[in-house]
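Understanding the architecture of this molecule
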Amino acid sequence: MPDLIQPSQVAVHVYINGELLVQDRLGGTNFAGDTTGIYPWRWDTTGLRGEQTVTVVLDPDDLILAGDETVENNTASYTVDILASGERPFRETATSWLSRDGRYATVHVLDQTAASRDLSQLVSLTDEAFEEAIGRLGLTPNRLYDVYFIQRVIGQGGYAGGSIVLTYSDRNYAGGIMRQVLVHEAVHLLDQQLAPRAIPFLREGVAVWAAGGHYQPEDLGQRMAALVQAGRYIPLLELVDNFYPAQHEIGYLQAGGLVHYLVEQYGWEKVQAWYGGMTAEGYTSHSAALDATLQANFGKSLAQIEQEWLQHLSQFPSDPQATNDLLATVRYYDMMRRYQELHDPTAYFLNAWLPSPQEMRQRGLTADVLRHPKAEINLLLEVMLGAADATLLAGDYQQANVILNSIERVLESGTVMDPLAKSYEEIVNKTVTMGFEVQRIEMNGNTATAYITSSHRIYLTPLEFARATNHWVLVN
Ligand SMILES: [Zn+2]
(Lines give C-alpha, C1' and ligand atoms only; values in the text may rest on other atoms or scores of the structure.)
Protein backbone atom coordinates (compact mmCIF):
# COMPACT_ATOMS: atom_id res chain seq x y z
CA MET A 1 0.00 0.00 0.00
CA PRO A 2 1.34 3.48 -0.84
CA ASP A 3 2.86 5.13 2.23
CA LEU A 4 0.68 8.23 2.36
CA ILE A 5 -2.62 6.40 2.67
CA GLN A 6 -3.80 5.26 6.08
CA PRO A 7 -5.46 1.82 6.08
CA SER A 8 -8.42 3.35 7.91
CA GLN A 9 -9.04 5.58 4.88
CA VAL A 10 -9.52 2.62 2.57
CA ALA A 11 -13.13 1.55 2.20
CA VAL A 12 -14.11 -2.10 1.70
CA HIS A 13 -17.40 -3.35 0.30
CA VAL A 14 -18.40 -7.02 0.32
CA TYR A 15 -21.31 -8.21 -1.82
CA ILE A 16 -23.11 -11.54 -1.69
CA ASN A 17 -24.69 -12.36 -5.06
CA GLY A 18 -24.58 -8.66 -5.88
CA GLU A 19 -26.14 -7.49 -2.62
CA LEU A 20 -24.10 -5.25 -0.33
CA LEU A 21 -23.33 -7.06 2.96
CA VAL A 22 -20.30 -5.29 4.43
CA GLN A 23 -19.50 -1.63 4.16
CA ASP A 24 -16.41 -1.04 6.26
CA ARG A 25 -12.77 0.01 6.20
CA LEU A 26 -9.42 -1.73 6.45
CA GLY A 27 -8.34 -2.06 10.04
CA GLY A 28 -5.48 -3.83 11.76
CA THR A 29 -2.27 -5.52 10.70
CA ASN A 30 -1.30 -9.17 10.95
CA PHE A 31 1.99 -10.48 12.40
CA ALA A 32 3.58 -10.18 8.94
CA GLY A 33 2.87 -6.44 9.08
CA ASP A 34 0.30 -6.54 6.25
CA THR A 35 -2.80 -4.39 6.48
CA THR A 36 -5.91 -6.47 6.98
CA GLY A 37 -9.66 -6.03 7.06
CA ILE A 38 -11.46 -8.69 9.07
CA TYR A 39 -15.26 -8.68 9.26
CA PRO A 40 -16.11 -11.84 11.16
CA TRP A 41 -19.46 -13.58 11.34
CA ARG A 42 -21.30 -11.03 9.20
CA TRP A 43 -23.02 -13.40 6.79
CA ASP A 44 -25.82 -15.58 8.13
CA THR A 45 -26.21 -18.42 5.64
CA THR A 46 -29.24 -20.02 7.33
CA GLY A 47 -31.53 -21.47 4.70
CA LEU A 48 -29.10 -20.91 1.82
CA ARG A 49 -28.00 -23.81 -0.39
CA GLY A 50 -25.62 -24.12 -3.33
CA GLU A 51 -23.15 -21.77 -4.94
CA GLN A 52 -22.99 -18.15 -3.84
CA THR A 53 -20.82 -15.39 -5.24
CA VAL A 54 -18.82 -13.29 -2.80
CA THR A 55 -17.37 -10.10 -4.24
CA VAL A 56 -14.87 -7.94 -2.37
CA VAL A 57 -14.31 -4.39 -3.59
CA LEU A 58 -11.39 -2.47 -2.17
CA ASP A 59 -11.49 1.33 -2.42
CA PRO A 60 -14.80 1.38 -4.37
CA ASP A 61 -14.61 5.13 -5.01
CA ASP A 62 -11.09 4.70 -6.43
CA LEU A 63 -9.50 7.22 -4.10
CA ILE A 64 -6.09 5.52 -4.25
CA LEU A 65 -4.46 6.92 -7.37
CA ALA A 66 -0.72 6.46 -6.80
CA GLY A 67 0.33 3.11 -8.23
CA ASP A 68 -3.28 2.15 -8.95
CA GLU A 69 -4.56 3.75 -12.14
CA THR A 70 -7.67 1.71 -12.79
CA VAL A 71 -10.73 0.80 -10.79
CA GLU A 72 -11.04 -2.70 -12.36
CA ASN A 73 -8.26 -4.33 -10.34
CA ASN A 74 -9.88 -3.38 -7.04
CA THR A 75 -12.39 -6.22 -7.22
CA ALA A 76 -12.10 -9.93 -6.42
CA SER A 77 -14.84 -12.55 -6.65
CA TYR A 78 -15.10 -16.00 -5.10
CA THR A 79 -17.62 -18.79 -5.31
CA VAL A 80 -18.66 -20.43 -2.07
CA ASP A 81 -20.68 -23.64 -2.00
CA ILE A 82 -23.07 -23.76 0.96
CA LEU A 83 -24.12 -27.21 2.13
CA ALA A 84 -27.16 -28.01 4.29
CA SER A 85 -26.46 -27.73 8.03
CA GLY A 86 -27.74 -31.30 8.47
CA GLU A 87 -24.82 -32.55 6.38
CA ARG A 88 -22.32 -31.52 9.02
CA PRO A 89 -20.47 -34.37 10.78
CA PHE A 90 -21.94 -35.59 14.07
CA ARG A 91 -19.15 -34.06 16.13
CA GLU A 92 -19.91 -30.59 14.76
CA THR A 93 -23.64 -30.75 15.39
CA ALA A 94 -23.21 -32.26 18.87
CA THR A 95 -20.78 -29.71 20.23
CA SER A 96 -21.34 -26.59 22.31
CA TRP A 97 -19.31 -24.59 24.83
CA LEU A 98 -18.93 -26.05 28.33
CA SER A 99 -17.43 -24.09 31.23
CA ARG A 100 -16.00 -24.98 34.60
CA ASP A 101 -14.57 -22.70 37.27
CA GLY A 102 -11.11 -23.27 38.65
CA ARG A 103 -9.37 -21.25 41.34
CA TYR A 104 -7.85 -18.64 39.03
CA ALA A 105 -9.70 -19.12 35.79
CA THR A 106 -12.87 -20.39 34.20
CA VAL A 107 -12.01 -23.14 31.75
CA HIS A 108 -14.06 -23.30 28.55
CA VAL A 109 -14.02 -26.30 26.23
CA LEU A 110 -16.04 -27.66 23.33
CA ASP A 111 -18.22 -30.62 24.23
CA GLN A 112 -17.46 -33.88 22.38
CA THR A 113 -13.77 -33.08 21.99
CA ALA A 114 -10.55 -34.22 23.67
CA ALA A 115 -10.80 -31.14 25.92
CA SER A 116 -14.27 -32.04 27.27
CA ARG A 117 -13.10 -35.62 27.81
CA ASP A 118 -10.15 -34.36 29.89
CA LEU A 119 -11.90 -31.34 31.43
CA SER A 120 -11.15 -32.16 35.10
CA GLN A 121 -7.42 -32.55 34.39
CA LEU A 122 -7.40 -29.33 32.37
CA VAL A 123 -8.98 -27.38 35.25
CA SER A 124 -6.31 -28.69 37.69
CA LEU A 125 -3.52 -28.06 35.19
CA THR A 126 -4.73 -24.49 34.64
CA ASP A 127 -4.73 -23.84 38.40
CA GLU A 128 -1.21 -25.25 38.73
CA ALA A 129 0.00 -23.15 35.81
CA PHE A 130 -1.44 -19.94 37.25
CA GLU A 131 0.02 -20.77 40.65
CA GLU A 132 3.44 -21.16 39.07
CA ALA A 133 3.15 -17.93 37.07
CA ILE A 134 1.91 -16.00 40.12
CA GLY A 135 4.79 -17.35 42.21
CA ARG A 136 7.39 -16.39 39.61
CA LEU A 137 6.07 -12.88 39.04
CA GLY A 138 5.28 -12.34 42.72
CA LEU A 139 1.87 -10.74 42.26
CA THR A 140 -1.75 -11.40 43.13
CA PRO A 141 -4.23 -11.61 40.26
CA ASN A 142 -6.88 -8.89 40.35
CA ARG A 143 -9.49 -10.86 38.45
CA LEU A 144 -10.66 -14.31 37.42
CA TYR A 145 -9.36 -15.24 33.96
CA ASP A 146 -10.78 -17.27 31.10
CA VAL A 147 -8.93 -20.13 29.43
CA TYR A 148 -10.29 -21.67 26.23
CA PHE A 149 -9.11 -25.07 25.03
CA ILE A 150 -9.90 -25.40 21.34
CA GLN A 151 -9.65 -28.26 18.90
CA ARG A 152 -7.93 -26.38 16.09
CA VAL A 153 -4.22 -25.52 15.89
CA ILE A 154 -3.72 -21.79 15.34
CA GLY A 155 -0.18 -20.42 15.07
CA GLN A 156 2.18 -22.16 17.48
CA GLY A 157 -0.75 -23.63 19.42
CA GLY A 158 -1.95 -20.73 21.52
CA TYR A 159 -2.58 -17.04 21.89
CA ALA A 160 -3.50 -14.65 24.67
CA GLY A 161 -5.30 -11.33 24.57
CA GLY A 162 -7.75 -10.66 27.37
CA SER A 163 -7.97 -14.43 27.82
CA ILE A 164 -5.98 -17.53 26.87
CA VAL A 165 -6.76 -19.70 23.85
CA LEU A 166 -4.85 -22.99 23.58
CA THR A 167 -4.99 -25.93 21.26
CA TYR A 168 -5.93 -29.14 23.03
CA SER A 169 -6.18 -31.89 20.50
CA ASP A 170 -5.08 -35.51 20.33
CA ARG A 171 -3.31 -34.64 17.07
CA ASN A 172 -1.77 -31.36 18.18
CA TYR A 173 1.00 -30.94 15.65
CA ALA A 174 2.17 -27.70 17.30
CA GLY A 175 3.99 -29.84 19.87
CA GLY A 176 5.45 -28.79 23.19
CA ILE A 177 4.34 -29.52 26.73
CA MET A 178 0.86 -28.25 27.63
CA ARG A 179 1.79 -27.19 31.15
CA GLN A 180 4.70 -25.10 29.85
CA VAL A 181 2.54 -23.37 27.25
CA LEU A 182 -0.15 -22.69 29.88
CA VAL A 183 2.31 -21.04 32.29
CA HIS A 184 3.64 -18.94 29.39
CA GLU A 185 0.17 -17.69 28.44
CA ALA A 186 -0.82 -17.18 32.11
CA VAL A 187 2.20 -14.89 32.46
CA HIS A 188 0.92 -12.84 29.51
CA LEU A 189 -2.40 -12.26 31.29
CA LEU A 190 -0.92 -11.48 34.71
CA ASP A 191 1.65 -9.32 33.04
CA GLN A 192 -1.02 -6.79 32.04
CA GLN A 193 -1.09 -5.83 35.73
CA LEU A 194 2.66 -5.51 35.78
CA ALA A 195 3.86 -4.03 32.49
CA PRO A 196 0.92 -2.98 30.35
CA ARG A 197 3.03 -1.16 27.74
CA ALA A 198 6.20 -3.24 27.42
CA ILE A 199 7.48 -4.11 23.93
CA PRO A 200 6.74 -7.62 22.49
CA PHE A 201 10.39 -8.70 22.76
CA LEU A 202 10.32 -8.19 26.52
CA ARG A 203 6.82 -9.52 27.11
CA GLU A 204 7.82 -12.76 25.42
CA GLY A 205 11.14 -12.74 27.25
CA VAL A 206 9.44 -12.50 30.62
CA ALA A 207 6.95 -15.25 29.64
CA VAL A 208 9.73 -17.64 28.53
CA TRP A 209 11.80 -16.86 31.62
CA ALA A 210 8.87 -17.16 34.06
CA ALA A 211 7.75 -20.47 32.53
CA GLY A 212 11.33 -21.76 32.79
CA GLY A 213 11.56 -22.48 29.06
CA HIS A 214 9.58 -21.99 25.87
CA TYR A 215 7.90 -25.27 24.87
CA GLN A 216 9.52 -27.43 27.57
CA PRO A 217 11.58 -26.88 30.74
CA GLU A 218 14.90 -25.42 29.54
CA ASP A 219 18.14 -24.26 31.11
CA LEU A 220 18.06 -20.83 29.47
CA GLY A 221 21.73 -20.05 30.14
CA GLN A 222 23.01 -23.29 28.64
CA ARG A 223 20.56 -23.13 25.77
CA MET A 224 21.60 -19.55 24.94
CA ALA A 225 25.27 -20.59 25.02
CA ALA A 226 24.41 -23.42 22.60
CA LEU A 227 22.67 -20.93 20.32
CA VAL A 228 25.73 -18.68 20.20
CA GLN A 229 28.05 -21.66 19.64
CA ALA A 230 25.84 -22.85 16.78
CA GLY A 231 26.24 -19.46 15.10
CA ARG A 232 22.51 -18.75 15.16
CA TYR A 233 22.56 -15.74 17.53
CA ILE A 234 20.69 -12.69 16.16
CA PRO A 235 22.19 -9.30 17.22
CA LEU A 236 19.75 -7.61 19.61
CA LEU A 237 19.42 -4.40 17.59
CA GLU A 238 18.21 -6.43 14.65
CA LEU A 239 15.97 -8.75 16.68
CA VAL A 240 14.22 -6.25 18.94
CA ASP A 241 12.92 -4.12 16.05
CA ASN A 242 11.86 -7.12 13.93
CA PHE A 243 10.74 -9.49 16.61
CA TYR A 244 7.80 -11.35 15.02
CA PRO A 245 9.32 -11.90 11.55
CA ALA A 246 12.59 -13.24 13.08
CA GLN A 247 13.05 -17.03 13.41
CA HIS A 248 10.43 -17.62 16.08
CA GLU A 249 12.16 -20.06 18.45
CA ILE A 250 15.47 -18.20 18.32
CA GLY A 251 13.80 -14.83 18.95
CA TYR A 252 11.87 -16.17 21.93
CA LEU A 253 14.92 -17.96 23.34
CA GLN A 254 17.04 -14.80 23.14
CA ALA A 255 14.28 -12.74 24.75
CA GLY A 256 13.91 -15.28 27.57
CA GLY A 257 17.67 -15.72 27.81
CA LEU A 258 18.25 -11.99 28.25
CA VAL A 259 15.61 -11.70 30.99
CA HIS A 260 17.09 -14.79 32.68
CA TYR A 261 20.56 -13.21 32.56
CA LEU A 262 19.36 -9.87 33.95
CA VAL A 263 17.48 -11.61 36.77
CA GLU A 264 20.63 -13.59 37.60
CA GLN A 265 22.75 -10.44 37.65
CA TYR A 266 20.39 -7.94 39.27
CA GLY A 267 17.52 -9.91 40.84
CA TRP A 268 13.86 -9.99 39.78
CA GLU A 269 12.91 -6.98 41.89
CA LYS A 270 15.20 -4.67 39.95
CA VAL A 271 14.30 -6.26 36.62
CA GLN A 272 10.62 -6.00 37.51
CA ALA A 273 10.91 -2.27 38.25
CA TRP A 274 12.52 -1.72 34.86
CA TYR A 275 10.07 -3.97 33.01
CA GLY A 276 7.03 -2.46 34.74
CA GLY A 277 7.87 1.06 33.61
CA MET A 278 8.91 0.01 30.13
CA THR A 279 7.26 1.70 27.15
CA ALA A 280 8.23 2.42 23.57
CA GLU A 281 6.16 5.60 23.57
CA GLY A 282 8.23 8.64 22.69
CA TYR A 283 11.07 6.57 21.16
CA THR A 284 11.86 6.13 17.50
CA SER A 285 12.13 2.34 17.79
CA HIS A 286 11.76 -0.51 20.25
CA SER A 287 15.53 -0.89 20.46
CA ALA A 288 15.88 2.83 21.30
CA ALA A 289 13.33 2.39 24.10
CA LEU A 290 15.17 -0.68 25.36
CA ASP A 291 18.52 1.11 25.27
CA ALA A 292 17.26 4.21 27.12
CA THR A 293 15.38 2.30 29.82
CA LEU A 294 18.32 -0.06 30.40
CA GLN A 295 20.57 2.97 30.91
CA ALA A 296 18.07 4.57 33.29
CA ASN A 297 17.62 1.39 35.36
CA PHE A 298 20.96 -0.41 35.17
CA GLY A 299 23.33 2.36 34.11
CA LYS A 300 24.34 0.38 31.01
CA SER A 301 23.46 0.72 27.35
CA LEU A 302 21.89 -2.06 25.31
CA ALA A 303 25.22 -2.60 23.51
CA GLN A 304 27.07 -2.87 26.83
CA ILE A 305 24.56 -5.30 28.34
CA GLU A 306 24.66 -7.39 25.18
CA GLN A 307 28.44 -7.50 25.20
CA GLU A 308 28.57 -8.54 28.88
CA TRP A 309 25.90 -11.15 28.30
CA LEU A 310 27.74 -12.67 25.33
CA GLN A 311 30.93 -12.66 27.39
CA HIS A 312 29.11 -14.50 30.19
CA LEU A 313 27.69 -17.04 27.68
CA SER A 314 31.13 -17.69 26.18
CA GLN A 315 32.20 -19.20 29.52
CA PHE A 316 29.69 -22.06 29.28
CA PRO A 317 31.30 -25.37 28.27
CA SER A 318 29.83 -26.80 25.10
CA ASP A 319 26.98 -29.22 25.74
CA PRO A 320 26.12 -31.40 22.71
CA GLN A 321 22.79 -32.38 24.29
CA ALA A 322 21.72 -28.72 24.56
CA THR A 323 22.89 -27.98 21.01
CA ASN A 324 21.10 -31.00 19.52
CA ASP A 325 17.92 -30.19 21.41
CA LEU A 326 17.99 -26.56 20.32
CA LEU A 327 18.70 -27.26 16.65
CA ALA A 328 16.12 -30.05 16.45
CA THR A 329 13.52 -27.79 18.11
CA VAL A 330 14.20 -24.95 15.66
CA ARG A 331 14.00 -27.38 12.77
CA TYR A 332 10.79 -28.95 14.07
CA TYR A 333 8.98 -25.62 14.30
CA ASP A 334 10.27 -24.38 10.94
CA MET A 335 8.90 -27.59 9.43
CA MET A 336 5.62 -27.26 11.33
CA ARG A 337 5.14 -23.73 9.95
CA ARG A 338 6.10 -24.88 6.45
CA TYR A 339 3.38 -27.53 6.77
CA GLN A 340 0.91 -24.82 7.80
CA GLU A 341 1.84 -22.57 4.88
CA LEU A 342 1.34 -25.42 2.41
CA HIS A 343 -1.50 -27.47 3.88
CA ASP A 344 -3.19 -25.55 6.71
CA PRO A 345 -2.67 -21.93 5.63
CA THR A 346 -5.25 -20.28 7.90
CA ALA A 347 -3.29 -21.64 10.89
CA TYR A 348 0.00 -20.06 9.77
CA PHE A 349 0.91 -17.49 12.43
CA LEU A 350 1.91 -14.59 10.19
CA ASN A 351 -1.52 -14.41 8.58
CA ALA A 352 -3.71 -16.30 11.05
CA TRP A 353 -6.98 -14.79 12.19
CA LEU A 354 -7.29 -15.08 15.97
CA PRO A 355 -11.05 -15.17 16.59
CA SER A 356 -12.37 -13.60 19.80
CA PRO A 357 -13.22 -16.48 22.15
CA GLN A 358 -15.66 -14.42 24.26
CA GLU A 359 -17.69 -13.52 21.22
CA MET A 360 -17.68 -17.09 19.93
CA ARG A 361 -18.99 -18.38 23.23
CA GLN A 362 -21.61 -15.65 23.58
CA ARG A 363 -22.90 -16.32 20.09
CA GLY A 364 -22.68 -20.10 20.43
CA LEU A 365 -20.19 -20.36 17.55
CA THR A 366 -17.85 -23.35 17.47
CA ALA A 367 -16.85 -24.14 13.87
CA ASP A 368 -13.96 -21.65 13.68
CA VAL A 369 -12.07 -23.43 16.45
CA LEU A 370 -13.25 -26.95 15.68
CA ARG A 371 -12.92 -27.42 11.92
CA HIS A 372 -9.55 -28.04 10.38
CA PRO A 373 -8.30 -29.69 7.21
CA LYS A 374 -8.53 -33.48 7.39
CA ALA A 375 -7.37 -34.67 3.98
CA GLU A 376 -5.05 -37.68 4.05
CA ILE A 377 -2.01 -35.46 3.51
CA ASN A 378 -3.00 -33.51 6.63
CA LEU A 379 -3.50 -36.65 8.71
CA LEU A 380 -0.20 -38.06 7.45
CA LEU A 381 1.95 -34.98 8.07
CA GLU A 382 0.27 -34.20 11.39
CA VAL A 383 0.87 -37.68 12.83
CA MET A 384 4.46 -37.52 11.55
CA LEU A 385 4.98 -34.11 13.18
CA GLY A 386 3.45 -35.54 16.36
CA ALA A 387 5.90 -38.45 16.24
CA ALA A 388 8.85 -36.10 15.65
CA ASP A 389 7.78 -33.95 18.60
CA ALA A 390 7.41 -36.97 20.90
CA THR A 391 10.92 -38.25 20.05
CA LEU A 392 12.32 -34.74 20.43
CA LEU A 393 10.78 -34.32 23.90
CA ALA A 394 12.12 -37.78 24.81
CA GLY A 395 15.62 -36.58 23.88
CA ASP A 396 16.09 -38.83 20.85
CA TYR A 397 17.33 -36.13 18.47
CA GLN A 398 18.67 -38.54 15.91
CA GLN A 399 15.30 -40.23 15.45
CA ALA A 400 13.54 -36.84 15.52
CA ASN A 401 15.74 -35.73 12.61
CA VAL A 402 15.06 -38.95 10.69
CA ILE A 403 11.31 -38.24 10.91
CA LEU A 404 11.85 -34.54 10.07
CA ASN A 405 13.91 -35.52 6.99
CA SER A 406 11.03 -37.65 5.82
CA ILE A 407 8.46 -34.87 6.43
CA GLU A 408 10.71 -32.44 4.57
CA ARG A 409 10.83 -34.69 1.51
CA VAL A 410 7.03 -34.95 1.45
CA LEU A 411 6.61 -31.17 1.85
CA GLU A 412 9.17 -30.28 -0.80
CA SER A 413 8.27 -32.91 -3.40
CA GLY A 414 4.52 -32.94 -2.80
CA THR A 415 4.57 -36.73 -3.07
CA VAL A 416 5.01 -39.57 -0.62
CA MET A 417 8.00 -41.54 -1.94
CA ASP A 418 10.13 -41.81 1.14
CA PRO A 419 9.94 -45.29 2.79
CA LEU A 420 9.26 -43.95 6.30
CA ALA A 421 6.52 -41.60 5.10
CA LYS A 422 5.08 -44.46 3.02
CA SER A 423 4.81 -46.60 6.15
CA TYR A 424 2.95 -43.86 8.00
CA GLU A 425 0.79 -43.27 4.92
CA GLU A 426 -0.20 -46.91 4.66
CA ILE A 427 -1.33 -47.02 8.29
CA VAL A 428 -3.15 -43.67 7.98
CA ASN A 429 -4.98 -44.96 4.88
CA LYS A 430 -5.99 -48.18 6.64
CA THR A 431 -7.50 -46.27 9.58
CA VAL A 432 -9.37 -43.94 7.18
CA THR A 433 -10.77 -46.95 5.28
CA MET A 434 -12.00 -48.39 8.58
CA GLY A 435 -13.87 -45.14 9.25
CA PHE A 436 -11.63 -43.90 12.06
CA GLU A 437 -9.70 -40.69 12.63
CA VAL A 438 -6.06 -41.38 13.45
CA GLN A 439 -4.57 -39.15 16.13
CA ARG A 440 -1.14 -40.60 16.81
CA ILE A 441 1.12 -43.33 15.44
CA GLU A 442 3.97 -44.84 17.43
CA MET A 443 6.28 -46.75 15.15
CA ASN A 444 8.69 -49.23 16.59
CA GLY A 445 10.68 -51.13 13.98
CA ASN A 446 8.34 -53.70 12.51
CA THR A 447 5.37 -52.90 14.73
CA ALA A 448 3.27 -49.77 15.08
CA THR A 449 0.43 -48.58 17.30
CA ALA A 450 -2.15 -46.21 15.85
CA TYR A 451 -4.34 -44.35 18.35
CA ILE A 452 -7.70 -43.63 16.80
CA THR A 453 -11.02 -41.98 17.61
CA SER A 454 -14.32 -42.40 15.78
CA SER A 455 -17.22 -40.10 15.04
CA HIS A 456 -19.06 -41.15 18.23
CA ARG A 457 -16.15 -42.04 20.45
CA ILE A 458 -13.65 -39.48 21.75
CA TYR A 459 -11.61 -41.97 23.77
CA LEU A 460 -8.36 -43.08 22.14
CA THR A 461 -8.30 -46.71 21.07
CA PRO A 462 -4.98 -48.37 20.14
CA LEU A 463 -4.78 -50.44 16.96
CA GLU A 464 -1.71 -52.66 16.57
CA PHE A 465 -0.05 -53.07 13.20
CA ALA A 466 2.81 -55.32 12.10
CA ARG A 467 4.99 -55.10 9.00
CA ALA A 468 4.52 -58.05 6.65
CA THR A 469 6.86 -58.53 3.64
CA ASN A 470 6.14 -55.15 2.11
CA HIS A 471 3.00 -53.87 3.74
CA TRP A 472 1.41 -53.29 7.12
CA VAL A 473 -1.33 -55.51 8.58
CA LEU A 474 -3.71 -54.95 11.46
CA VAL A 475 -3.04 -57.52 14.17
CA ASN A 476 -5.68 -56.76 16.84
ZN1 LIG B 1 3.99 -15.48 24.24
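Computed from a prediction, not measured in an experiment: that's the story for all the values here.

1. Description of the overall build of the protein
- Check the secondary structure of the protein and you find 16 helices and 13 strands.
- The globule rule puts the C-alpha radius of gyration for 476 residues at 23 Å, and the 24 Å found for the protein is close to it.
- Dimensions of the protein, computed from the C-alpha atoms along their principal axes, are close to 65 × 65 × 45 Å.
- Counting every position in the protein, which comprises 476 residues, the buried fraction comes to 37%.
- In the protein, of all internal contacts separated by at least 6 residues, the share reaching a separation of at least 24 is 58%.

2. Focus: the sheet that holds strand β4 (residues 75-82)
- The four strands lie next to each other as β2-β1-β3-β4, forming an open sheet whose pairing is antiparallel. The sheet is open, and its two edges are formed by β2 (19-25) and β4, each paired on a single side. On average, each strand axis in the sheet is inclined to that of its neighbour by 20°, with strand direction left out of account.

3. Concerning the sheet that holds strand β11 (residues 447-454)
- One open sheet holds the four strands; their spatial order is β10-β11-β12-β13, and the pairing between them is antiparallel. Looking at which strands have only one partner, the edges of the open sheet turn out to be β10 (437-444) and β13 (472-474). Strand after strand, the sheet turns through a mean of 30° between neighbouring axes, direction not considered.
- Sheet topology note: the β11/strand β12 (residues 457-467) ladder contains seven bridges and is antiparallel. Within β12, the residue paired with I452 across the bridge is T461.

4. A word on helix α8 (residues 248-266)
- Its 19 residues place the ends of α8 27 Å apart at the C-alpha level, agreeing with the 27 Å of an ideal helix rising 1.5 Å per residue.
- For α8, the tally of buried residues reaches 14 of 19 residues, placing the bulk of the element in the interior.

5. Here's the deal with the packing of helix α6 (residues 220-229) against helix α12 (residues 320-343)
- Their axes nearest at 9 Å, the elements α6 and α12 cross at an angle of 75°. What the angle tells us is that α6 and α12 run roughly perpendicular. Contacts from Q222, R223, A226, L227 and Q229 in α6 reach A322, T323 and L326 in α12.
- Residue classes in the contact of α6 with α12 are distributed as four nonpolar, three polar and one charged.

6. What about unusual backbone geometry?
- Although it is not a glycine, N17 sits at a positive phi angle of roughly 50°.
- Topologically, N17 is positioned in the loop between β1 (11-16) and β2.
- Looking at N17, the number of C-beta atoms within 10 Å reads 11, which means it is exposed.
- Its identity as a non-glycine residue notwithstanding, W41 has a phi of 55°, on the positive side.
- Judged by local crowding, W41 falls into the exposed class, with 12 C-beta atoms found within 10 Å.

7. As for the domain arrangement of the protein
- Under the domain assignment used here, the protein contains domain 1 (7-87) and domain 2 (202-318).
- Between domain 1 and domain 2, the C-alpha centre-to-centre distance is 41 Å.

8. Some points on helix α3 (residues 119-137)
- Spanning 19 residues, α3 covers 27 Å between terminal C-alpha atoms, matching the ideal 27 Å at 1.5 Å per step.
- Buried within α3 are the following residues: L119, L122, L125, T126, A129, F130, A133 and L137. Down the axis, α3 shows its buried residues gathered within 135° of arc, on one side only. Of the exposed residues in α3, the ones pointing more than 90 degrees away from its buried face are S120, Q121 and G135.
- For α3, the elements touching its buried residues are β5 (97-101), β6 (105-110), α2 (114-117), β7 (145-150), α4 (178-194) and α5 (200-210).
- Downstream of α3 by one or two residues, G138 has phi in the positive range, about 65°.

9. Considering the pairing of β4
- Burial analysis of β4 places just zero of its eight residues in the buried class, which makes it a mostly uncovered element.
- Relative to β4, strand β3 (residues 50-58) runs antiparallel, the two being bridged by eight bridges. Note on β4: the bridge partner recorded for T55 is S77.

10. Here's the deal with the environment of A210
- In this fold, A210 is placed in helix α5.
- Classification of A210 by C-beta neighbours within 10 Å gives buried; the count is 25.
- When the C-alpha positions of A210 and L20 are compared, they lie 49 Å apart, and in sequence the two are 190 residues distant.
- Filtering out sequence-adjacent residues up to four positions away, A210 remains in contact with A133, R136, L137, V183 and V187.

11. Details of the packing of α8 against helix α9 (residues 268-276)
- The N-to-C vectors of α8 and α9 enclose an angle of 125°; their axes lie 7 Å apart at closest approach. Put simply, α8 runs oblique to α9. Seen from α8, the contacting residues are V259, L262, V263 and Y266; seen from α9, they are W268, K270 and V271.
- Looking at side-chain class alone, the contact of α8 with α9 contains six nonpolar, no polar and one charged residues.

12. A few points about the nonpolar core
- The biggest cluster of nonpolar side chains holds 116 residues, and the ones touching the most others in it are F149, A186, V187, M384 and A388.
- Looking at this core element by element, the count peaks at nine residues for helix α14 (residues 376-393).
- Ignoring any residue separated from it by four or fewer positions in sequence, one finds V187 in contact with A133, L137, V206, A207, A210 and A211.

13. Section: the pairing of β6
- Most of β6 sits out of view: five of its six residues are buried.
- Connecting the antiparallel pair β5 and β6 is a turn made up of three residues.
- Bridging between β6 and β7 involves five bridges; their strand directions are parallel. Residue pairing across strands places A105 opposite Y145, the latter belonging to β7.

14. Some thoughts on the environment of K430
- Its location among the elements puts K430 in helix α16 (residues 419-433).
- When near neighbours in sequence (up to four residues on either side) are disregarded, K430 contacts W472 and L474.

What counts, and where the lines are drawn
Residues numbered from 1 in each chain as written. Predicted model: local features only at pLDDT ≥ 70, side-chain atom pairs only at ≥ 80, totals over all residues. Helix = DSSP H or I, 4+ residues; strand = E, 2+ residues; numbered from the N terminus. Rg over C-alpha atoms; globule rule 2.2 N^0.38 Å. Buried ≥ 20, exposed ≤ 12 C-beta atoms within 10 Å, placed from the backbone. Contact = placed C-beta atoms within 7 Å. Pairing = 2+ DSSP bridges. Axes fitted to C-alpha atoms, helices over the stretch in contact; angles between N-to-C directions. Expected span 1.5 Å × (residues − 1). Parallel < 35°, antiparallel > 145°, perpendicular 65-115°, else oblique. Nonpolar A, V, L, I, M, F, W, Y, C, P; charged D, E, K, R; others polar. Domains from an automatic or database assignment. Arc of directions from axis to C-beta. Core = buried A, V, L, I, M, F, W, Y, C linked by C-beta atoms within 7 Å.

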